[in-house]
Amino acid sequence: MTPVFQRPVEKAIPGEDRQPEPGIRMPRISVEGVSKIYRSKKWEFTALDRIDLTVEEGEFVSLLGPSGSGKSTLLRLIAGLEPPTEGRIRVDGRTVKGPGADRGMVFQRYTLFPWLTVEQNIAFGLRLRGESRAKRREVVEHYLRKIGLEAFRSAYPKALSGGMQQRVAIARALANRPSVLLMDEPFGALDPITKGQMQEMLVQLWEQEGTTVIFVTHDVEEAIFLSQRIVIMAANPGRIIAEVRVPFGRSRGYDLRDTEAFLHLKRQIVRRLEPVMAEK
Ligand code: ADP
Ligand code: MG
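Residues numbered from 1 in each chain as written. Chains lettered and ligands numbered in written order. Predicted model: local features only at pLDDT ≥ 70, side-chain atom pairs only at ≥ 80, totals over all residues.

Caption draft 1: Looking closely at the overall build of the protein chain. When helices and strands are tallied, the protein chain shows seven helices and eleven strands. The C-alpha radius of gyration of the protein chain comes to 19 Å, within 12% of the 19 Å expected for a compact globule of 280 residues. By principal-axis analysis of the C-alpha atoms, the protein chain measures approximately 50 × 50 × 45 Å. Of all intrachain contacts in the protein chain linking residues separated by at least 6 positions in sequence, the fraction that spans at least 24 positions is 71%. (Helix = DSSP H or I, 4+ residues; strand = E, 2+ residues; numbered from the N terminus. Rg over C-alpha atoms; globule rule 2.2 N^0.38 Å. Contact = placed C-beta atoms within 7 Å.)

Laid out in structure tokens, this is it:
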């Protein structure tokens, strides 16, 4: 089997904000020389060191690395929740200056609005945008079906299991039709069986909806099972050390994990990660 690691990625095109031009492909996301340095009077800490990363439309990319390698920081910067110290991030050609409906987020902690029902949670963004009742109903039905929670449409989050809550959170994010779905260890708090089911559901959703996804995880199997490409990060300073293209097609079932190809890739990635885990 051929070696899998590759880097660096092509540098994103420098220049001012670009609007999509017909016939010209631009990356969905480009992270260009991005550093994030946290400072106080007494210390300085480089959470991200000169990150370059390009994600194409419809791609599923995982950020994989030990804790403290800046995965969440990078996701927050792409979300526009914090500015980079240096460099620039563009989504669909436009420089990120703050949060926006073009970037949907799903976090590890359940973040549904507890005072809204499942339906109302999913419709939240559509309502904010002033979509008609008919449109909201159509979109909510679509995603209720996708996540298999039609029977729970009128339930409040507290009545749902963790896995169900995360399904609603994913539906709520997708209902806004974001350019990109940013997910930070969304299944990290789930039991292994539920986690596996959620991963399969996410692969299906991604396949059907064509969403661009950036998925943060420290779980090697999860990264391989879900992604087309894995960006491996290390800590101190947070940086990209390698990239792996995952050679499996879109339709992936649970059994993929038992194949020799899967296990081979897993071993290679674990070996690549071991030295940087010890570095911490
Ligand atoms: P990961 O998600 O890979 O575990 P994070 O992005 O959460 O890593 O954190 C990367 C590093 O940056 C950690 O060492 C963390 O302590 C530090 N860090 C994150 N946010 C802040 C902050 N607001 N102030 C200071 N340090 C921070
Ligand atoms: Mg994190």
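Caption draft 2: Seen up close, the environment of Leu 74. Take Leu 74: it is sitting in helix H1 (residues 71–79). A tally of 29 C-beta atoms within 10 Å means that Leu 74 is categorised as buried. Excluding residues within four positions of it along the chain, Leu 74 makes contact with Leu 48, Ile 51 and Leu 63. (Buried ≥ 20, exposed ≤ 12 C-beta atoms within 10 Å, placed from the backbone.)

Caption draft 3: Region of the structure containing the site of ligand 1. Taken together, Tyr 38, Phe 45, Ala 47, Gly 65, Ser 67, Gly 68, Ser 69, Gly 70, Lys 71, Ser 72, Thr 73 and Gly 238 make up all the residues around ligand 1. Listed by contribution, the elements that provide at least two residues to the shell around ligand 1 are strand S3 (44–55) and H1. Among the elements that line the shell around ligand 1, the one with the most residues is H1, at three residues. Among the residues forming the shell around ligand 1, the class breakdown is three nonpolar, eight polar and one charged. (Near = placed C-beta within 6 Å. Nonpolar A, V, L, I, M, F, W, Y, C, P; charged D, E, K, R; others polar.)

Caption draft 4: A look at the environment of Phe 248. Position of Phe 248 relative to the elements: it lies in the loop between strand S11 (239–245) and helix H7 (260–279). Separated by 23 residues in sequence, Phe 248 and Phe 225 have C-alpha atoms that sit 8.6 Å apart.

Caption draft 5: Seen up close, the sheet that holds strand S5 (residues 86–91). Spatially, the four strands line up as an open sheet ordered S3-S2-S5-S6, and their pairing is antiparallel. Sheet topology places S3 and strand S6 (94–95) at the edges, where each strand pairs with a single neighbour. Bridging between strand S2 (residues 29–39) and S3 involves eight bridges; their strand directions are antiparallel. Opposite Val 34, over in S3, you have Ile 51 as the bridge partner. (Pairing = 2+ DSSP bridges.)

Caption draft 6: Representation of the nonpolar core within the structure. Grouped together as the largest cluster of nonpolar side chains are 70 residues, with contacts concentrated most on Ile 78, Tyr 143, Leu 182, Ile 214 and Val 231. Ranked by residue count, the leading element in this core is helix H4 (residues 162–175), at eight residues. Three or more residues apiece are contributed to this core by two domains, here domain 1 (1–15 + 24–102 + 181–280) and domain 2 (109–177). Apart from residues lying up to four places away in sequence, Ile 78 is in contact with Ile 29, Ile 89, Val 96, Arg 103, Leu 182 and Ile 214. (Core = buried A, V, L, I, M, F, W, Y, C linked by C-beta atoms within 7 Å. Domains from an automatic or database assignment.)

Caption draft 7: Up close: the domain arrangement of the protein chain. According to the domain assignment, the protein chain consists of domain 1 (1–15 + 24–102 + 181–280) and domain 2 (109–177). Relative to domain 2, the C-alpha centre of domain 1 lies at a distance of 26 Å. Across the contact, 13 residues belong to domain 1 and ten residues belong to domain 2. It is helix H5 (residues 192–209) that provides the largest number of residues to the side of domain 1 that touches domain 2, a total of six residues. The residue makeup of the side of domain 1 that touches domain 2, split by class, is nine nonpolar, three polar and one charged.

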